[in-house]
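Now for the letters of each chain:
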Number of protein chains: 2
Amino acid sequence: MKMSGGVEWGLHCCVVLSGSGEPVPAARLAEFHDVSATYLAKQLQALSRAGLVRSTQGQAGGYALTRPAAEISVLEVVEAIDGADPAFRCTEVRQRGPLAAAPEACTRPCGIAAVMGAADRAWRESLRAVTIADLAADVTRTVGVDTLPRARAWLTR
Amino acid sequence: MKMSGGVEWGLHCCVVLSGSGEPVPAARLAEFHDVSATYLAKQLQALSRAGLVRSTQGQAGGYALTRPAAEISVLEVVEAIDGADPAFRCTEVRQRGPLAAAPEACTRPCGIAAVMGAADRAWRESLRAVTIADLAADVTRTVGVDTLPRARAWLTR
DNA sequence: GCTGACGTACTCGGATAACGTTTGTCCGAGTCCGATAGG
DNA sequence: CCTATCGGACTCGGACAAACGTTATCCGAGTACGTCAGC
């Protein structure tokens, strides 16, 4: 039960990208966060495929959010990078073994899968309730008012 | 974001073990579910280490629940097999890079980690609310009243 | 002076290796039951 | 007939490989800007 480490990077990138329409190159974002440039590029590609960011090629190109930060939930970023598949995958154990239940006798999903599905939905709902704008506001409140503006200035230097 | 497949096996084992104090060998449980005996043994060992089941050695030995099924939550089984560590691990990205925040300026946890932690708690709370007895009752209701008694009879044949 | 085309440098994107974790397997230590021999 | 001892077989437990997924990396395709020649 482990989430991809790229999720954290992707979220941080979305936060610093919020509020500025200027495209920022992946290499710049990587240098800012002091992480592997090539691997961060992979995460940004995933965000691009999901339609959360728009990529611009050529000089002065880079990545920018496609929507206002207030309209992007944390869940979307997580699902874009880590995948939208539920953590639990039912293998229909009931239908195996000497006393296997007939497939038609099995209500879908089975009790175990239902519990896991409910927990998964609770988890996703919790992430859906928070937006990138909320995260940015939190940074402003806890670390300092000028933190994000300074970051944006550095990124678009 | 993927849960260990052994969790499903462990839960099914707990369900069929509920209600009978008789120890059941791991090999028998594996045959019943038609899964790898050696690997299932590994999961049962994890449950044993967590104190959810008690192992008895020698002839007529095996595994049995230590507590009534109504007092064992699904969460306990999941944490015993899949580990209790949260899925998200904060690497303190804020403290890296050219504009790194000073460690003392960072409130713990940071906004991102806080959101992830809340989602994790929601997930766990959802799993904590269901017990093995609930799962057993669901089987009785959906598949058939005699399903579990027949399974127990087969296991202790 | 203006316009068009060209070259260049910079960007992303997908295909390609290395590592770690999970999955799967094996054999050894420990223990209980049954058989057996003695009282 | 009862009891203590011994043998055997069955059990779990931890240590040992293989496979998958994640992590990390590279090079090629595409595009926008700046330059330069022509009108």
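Note: the structure precedes this text.
In this report, the structure presented in the accompanying data block is examined. Just so you know, these numbers come straight off a predicted model, no measurement behind them.

Rules used throughout
- Residues numbered from 1 in each chain as written.
- Chains lettered and ligands numbered in written order.
- Predicted model: local features only at pLDDT ≥ 70, side-chain atom pairs only at ≥ 80, totals over all residues.
- Heavy atoms only, no water.
- Least-squares fit on C-alpha atoms with pLDDT ≥ 70 in both.
- Contact = heavy atoms within 4.5 Å.
- Axes fitted to C-alpha atoms, helices over the stretch in contact; angles between N-to-C directions.
- Helix = DSSP H or I, 4+ residues; strand = E, 2+ residues; numbered from the N terminus.
- Parallel < 35°, antiparallel > 145°, perpendicular 65-115°, else oblique.
- Nonpolar A, V, L, I, M, F, W, Y, C, P; charged D, E, K, R; others polar.
- Buried < 20%, exposed > 50% of the residue type's maximum accessible area, 1.4 Å probe, protein only.
- Polar contact = N/O pair within 3.5 Å; in protein donor to acceptor, adjacent residues only side chain to side chain.
- Near = heavy atom within 4 Å.

Observations concerning the relation of the copies chain A and chain B
Mapping chain A onto chain B calls for a screw motion: a turn of 180° about the axis and a shift of 0.0 Å along it, with 0.1 Å RMSD after fitting. In short, the pair behaves as if placed about a two-fold rotation axis. Judged by C-alpha distance, W123(A) is the residue of chain A that lies nearest the rotation axis, at 2.5 Å. By residue overlap, the copies meet face to face through one surface: 100% of the interface positions of chain A are interface positions in chain B.

A few points about the packing of helix 1 (residues 6-17) of chain A against helix 6 (residues 132-142) of chain A
Residues and elements named next belong to chain A. Where helix 1 meets helix 6, the axes come as close as 9 Å, and the angle between the chain directions of the two elements is 80°. On the basis of their axis angle, the class for helix 1 and helix 6 is roughly perpendicular. Contacts between helix 1 and helix 6 involve L11, C14 and V15 from the former and I132, L135 and A136 from the latter. Taken together, the residues that form the contact of helix 1 with helix 6 break down as six nonpolar, no polar and no charged.

Some points on the side chain of Q43(A)
Residue and element names in this part refer to chain A. For Q43, the location among the structural elements is in helix 3 (residues 37-49). On the basis of relative accessible area, Q43 is assigned to the buried category, the value being 6%. At 3.3 Å, the side chain of Q43 and the side chain of Y39 are in polar contact. Ignoring anything within four residues of it in the chain, the contact list for Q43 reads G6 and I81.

Notes on the protein's contact with DNA strand C
Of all residues adjacent to DNA strand C, which total 22 residues, the nearest are S55(A), Y63(A), S4(B), S36(B) and Y39(B). If you look at DNA strand C and keep only atoms within 4 Å of the protein, 68% of those are sugar or phosphate atoms. At 2.7 Å from a phosphate oxygen of DNA strand C is found a side-chain nitrogen or oxygen belonging to S36(B). For the surface near DNA strand C, the elements supplying multiple residues, two or more each, are helix 3, strand 1 (53-56) and strand 2 (62-65) of chain A together with helix 3 (37-49) of chain B. Per element, the largest residue contribution to the surface near DNA strand C is four residues, and it comes from helix 3 of chain A. Its residues assigned to classes, the surface near DNA strand C shows four nonpolar, 15 polar and three charged.

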